[in-house]
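Now for the letters of each chain:
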Amino acid sequence: MKAVCCQLDIVWEDKPANYAKVRALLDGIKIPPGSLVILPEMFATGFSMNVVGIREGAASETESFLASAARFYGVFMLGGMVTVGDNGQGRNEAVVFSPEGKLHARFCKIHPFTLGGEAQHYAAGTEIVTFDWQGFKVAPFVCYDLRFPEVFRSAARQGANVFVVIANWPVMRIHHWSTLLQARAIENQAYVAGVNRCGTDPKLTYNGRSLLIDPRGDILAELGNQEGLISADLNLDELQAWRQEFPALQDMHPEFVV
């Protein structure tokens, strides 16, 4: 099945403008029904600490957009957005809608980026989430989560064989981004889709480098620093064959993984 990564130069805190960007990119290609289309972290606003200004209310604009796009294109849509928890802090989430326009999964970023001030404004998620997609089991993560391999290993133990990482990952640490994405694929013998933004926000510059990586750690597709799409076919039979040929996961010591 096909995974499609959508790399955006996000317009700062302008949801309608970013919805339009996504539509324009997706209208430019033919997407097979049932594909998984992935948008960056906080794709409708940029990585903003202005929780009050960008949060989604009970009638969520961004959820409505994702649901509508999922129905229109006949795909699974995954994108990042901001909600507010019971304690009033923001929640940096990845949400997924099915081709029927129904909410399919919701994940809250487990590791707010303390160095960037995110932990002062956003609550940490408390659970790993997986969802079924065309025979695969997908685990979504958000940006800084990528630096913590234990949550990926825990997801693998729960059956995940595709990892999605959505991000606003800046240019000065982009080497870490690509290296860690490949490491997560290699060590868990899983497909990895890393979807970053490009362009600038009021503080940082981003050079994209969205990637699709196979379970051996080989890069299937990648983008440079421009807006655009990449896609690749994910093959469950090939993944299972590699895990049988090189059964490293069977040698895992579960006592060291929560």
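Because the structure is predicted, anything quoted here is derived from the model rather than measured. (Residues numbered from 1 in each chain as written. Predicted model: local features only at pLDDT ≥ 70, side-chain atom pairs only at ≥ 80, totals over all residues. Heavy atoms only, no water.)

Next up on the list: helix 5 (residues 174-188). With 15 residues, helix 5 extends 22 Å from end C-alpha to end C-alpha; this agrees with the ideal 21 Å at 1.5 Å per step. Within the span of helix 5, buried status applies to I174, W177, S178, L180, L181, R184, A185 and N188. As for helix 5, its buried residues are in contact with helix 4 (149-157), strand 8 (162-166), strand 9 (191-195), strand 11 (205-207), strand 12 (211-213) and helix 6 (236-245). The first or second residue beyond helix 5 is Q189, which carries a positive phi of 50 degrees. (Helix = DSSP H or I, 4+ residues; strand = E, 2+ residues; numbered from the N terminus. Expected span 1.5 Å × (residues − 1). Buried < 20%, exposed > 50% of the residue type's maximum accessible area, 1.4 Å probe, protein only. Contact = heavy atoms within 4.5 Å.)

If a residue is not glycine, its phi is most likely negative; likewise, a peptide bond is most likely trans. For M42, which is not a glycine, the phi torsion comes out positive at approximately 45 degrees. Relative to the elements of secondary structure, M42 occurs in the loop between strand 2 (36-38) and helix 2 (51-54). Of the residues examined, M42 reaches a relative accessible area of 0% and is grouped as buried. Positive phi, close to 50 degrees, is recorded for Q189, a residue that is not glycine. Here Q189 is to be found in the loop between helix 5 and strand 9. Owing to a relative accessible area of 2%, Q189 belongs among the buried residues under this scheme.

Under the counting rule described, the total for this entry stands at one cavity of 30 Å³ or more. In this structure, the largest cavity encloses a volume near 50 Å³. Around the largest cavity sit K15, M42, A44, T45, I54, E56, T62, G80, M81 and V82, which together line it. In terms of residue class, the lining of the largest cavity is built from five nonpolar, three polar and two charged. (1 Å grid on protein atoms, 1.4 Å probe; cavity = no way out; pocket = protein on both sides within 12 Å on 5 of 7 lines; lining within 4 Å. Points joined across faces, edges and corners; volume = space filled by probe spheres on them. Nonpolar A, V, L, I, M, F, W, Y, C, P; charged D, E, K, R; others polar.)

Here we take up the side chain of N92. Here N92 is to be found in strand 4 (residues 90-97). Of the residues examined, N92 reaches a relative accessible area of 1% and is grouped as buried. A polar contact of 2.9 Å, which involves the side chain of N92, links it to the side chain of E118. Apart from the residues within four sequence positions on either side, N92 is in contact with E41, M42, F47, M81, F107, C108, K109, E118, Y122 and V142. (Polar contact = N/O pair within 3.5 Å; in protein donor to acceptor, adjacent residues only side chain to side chain.)

This next bit is on the packing of aromatic side chains. The relation between two aromatic rings is expressed through the spacing of the ring centres and the mutual angle of the planes. Summed over the entire model, instances satisfying the criterion amount to 14 aromatic pairs. Relative to Y191, the ring of F136 lies with its centre 6.1 Å away and its plane at 85 degrees, an arrangement referred to as edge-to-face. Taken together, the residues span a long stretch of sequence, with F136 in strand 7 (residues 136-142) and Y191 in strand 9 at a distance of 55 residues. On the accessibility criterion, F136 (2% relative accessible area) is buried. Through a chain of ring-to-ring contacts, the aromatic side chains of F107, F141, F152 and F163 assemble into a single cluster. Its guanidinium or amino end placed over the ring of F72, R23 lies 5.3 Å from that ring's centre, counting from NZ or CZ. In this arrangement the basic side chain of R184 is found over the ring face of F152, its NZ or CZ atom lying 5.9 Å from the centre. (Phe/Tyr/Trp six-rings, centres within 6.5 Å; stacked < 30°, edge-to-face > 60°. Lys NZ or Arg CZ within 6 Å of the ring centre and 35° of its normal.)

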